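Below are the chains, spelled out letter by letter.
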Amino acid sequence: MSKVSIFTPTYNRMHVIHRVYESLISQTILDFEWIVIDDGSEDNTESLINEWKKDAPFPIHYYKKNNGGKISAIIFGLKKAKYDWFLIADSDDRFENNTIEIFLTSYNEISKEKKNLISGVSCLCKDSITKEIVGNKYPSSPMISDSIEISYKYNVYGEKWGILKTSVMKEFFFENFPNEVKFITEDYFWFQIAKKYKTIFINEPLRTYYRGTSDSLSSPFTTERHPRGIYLSEEMILKTTQHYHHLKPLVVFKSLLRLSYAASKARISLRSALEKKENSLKLLIFITWPLGKLLKRVRELQYKRNS
């Protein structure tokens, strides 16, 4: 059976990262490595990890680097990963003791012909307080589709989680990336993967989702702070989902508005925004472009009024 590289990016999370460790030592399959990338923590995370190393029934690899954001941590982790599968376990995650077994079994049960088309396996999450499933379920389980179709066609929403092939991750997460790598959302990459590969979706709530405990590595990116990163993310989302736009017009409109607003904040011209786009998307960007500029002006006035 294939082995797994468990990856955890962390920043000042000594108080919650024990959830990941406790989940890992309880796994029914222990044939994996745990890669912890410390993104410049100022707490005692390193000492804690070193203590766990002494007794852990699996190898733990700890690396500390300068603060660079979650995407840079993922790229760093991928360089260190030795195994076929890559599972991102955030520093506040907890998951079921048969998680790895279920992920690998779900993949191994499909035909050899389909395996080359698959990027990974996606499961459900449950709320840490209510224990209810976050969002809704997939239409069937197991189901082979892609995350774009799952969201736009089948209207599946809410926090989801999954394991991916390390080779697929390395295909899209790479170092030779624009300077905005620290400030870009993960959707920039997930939507590209969904455009090329299929995923196995299972209605198993394997991960426990903790609300309101995010750190600077996973906290929401804002257009005010990182306009170019938001622009690149929305541009990628609109390009990869454009054949489904008619199914979710409101979602598309909000994405267009964020793109035009971010472009205005980042001083990206309309001409640049229209380059290398299909005509239908060009038209949508052109129509909504003035709204982004208007929104920027309104928020500037609000800021002046409140300051």
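Residues numbered from 1 in each chain as written. Predicted model: local features only at pLDDT ≥ 70, side-chain atom pairs only at ≥ 80, totals over all residues. Heavy atoms only, no water.

> I keep staring at the packing of aromatic side chains and nothing clicks. Help me out?
Aromatic ring pairs are described here by two measures, namely the spacing of the ring centres and the angle between the planes. Here the structure, examined in full by the defined rule, presents 16 aromatic pairs. Summarising the aromatic geometry, the rings of Tyr 63 and Phe 76 are spaced 5.8 Å apart at their centres and angled 50 degrees between planes, so their arrangement reads as tilted. In this pair, Tyr 63 is assigned in strand 3 (residues 60–64) and Phe 76 in helix 3 (residues 70–80), connecting sequence segments 13 residues apart. On the numbers, 6.5 Å between centres and 80 degrees between planes, the contact of Phe 172 with Tyr 197 is edge-to-face. Linking Phe 172 in helix 7 (residues 166–172) with Tyr 197 in the loop between helix 8 (187–196) and strand 9 (198–209), this pair joins segments that are 25 residues apart in sequence. Look at Phe 172 and you get buried, because its relative accessible area is 10%. Judged by relative accessible area, Tyr 197 falls into the buried class, the value being 14%. In this structure an aromatic cluster arises from ring pairing among Tyr 21, Phe 32, Trp 34, Trp 52 and Phe 58. The side chain of Lys 160 reaches across the aromatic face of Tyr 138, ending 6.0 Å from its centre. Directly above the ring of Tyr 261 sits Arg 299, whose terminal nitrogen or CZ lies 4.8 Å from the centroid. (Phe/Tyr/Trp six-rings, centres within 6.5 Å; stacked < 30°, edge-to-face > 60°. Helix = DSSP H or I, 4+ residues; strand = E, 2+ residues; numbered from the N terminus. Buried < 20%, exposed > 50% of the residue type's maximum accessible area, 1.4 Å probe, protein only. Lys NZ or Arg CZ within 6 Å of the ring centre and 35° of its normal.)

> Whenever I open this one, unusual backbone geometry confuses me. Can you help?
Peptide bonds are trans in most cases, and residues, glycine excluded, mostly fall at negative phi. The residue after Ser 141, namely Pro 142, is reached through a cis peptide bond having omega -5 degrees. Position of Pro 142 relative to the elements: it lies in the loop between strand 6 (118–127) and strand 7 (143–145). At Asn 12, a residue that is not glycine, the phi angle is positive and equals roughly 55 degrees. Locating Asn 12 in the fold gives a position in the loop between strand 1 (4–10) and helix 1 (18–25). You will see that Arg 267, though not glycine, has its phi angle at about 60 degrees, which is positive. Mapped onto the secondary structure, Arg 267 falls in the loop between helix 10 (249–266) and helix 11 (270–274). A relative accessible area of 79% places Arg 267 in the exposed class.

> Help me understand the packing of helix 8 against helix 9 (residues 227–240) in this model?
What describes two packed helices is the angle between their axes and the distance between those same axes. Two elements in contact, helix 8 and helix 9, have axes whose closest approach is 8 Å; the angle formed by their N-to-C orientations is 20 degrees. Taken together, the axis directions place helix 8 and helix 9 in an arrangement best described as roughly parallel. As helix 8 packs across helix 9, the resulting crossing turns out to be left-handed. Mapping the contact onto sequence places Asp 187, Tyr 188, Phe 191, Gln 192 and Lys 195 in helix 8 and Leu 232, Ser 233, Met 236, Ile 237 and Thr 240 in helix 9. Across the contact of helix 8 with helix 9, the residue classes tally to five nonpolar, three polar and two charged. (Axes fitted to C-alpha atoms, helices over the stretch in contact; angles between N-to-C directions. Parallel < 35°, antiparallel > 145°, perpendicular 65-115°, else oblique. Left-handed = near helix turned anticlockwise from the far one by under 90°. Contact = heavy atoms within 4.5 Å. Nonpolar A, V, L, I, M, F, W, Y, C, P; charged D, E, K, R; others polar.)

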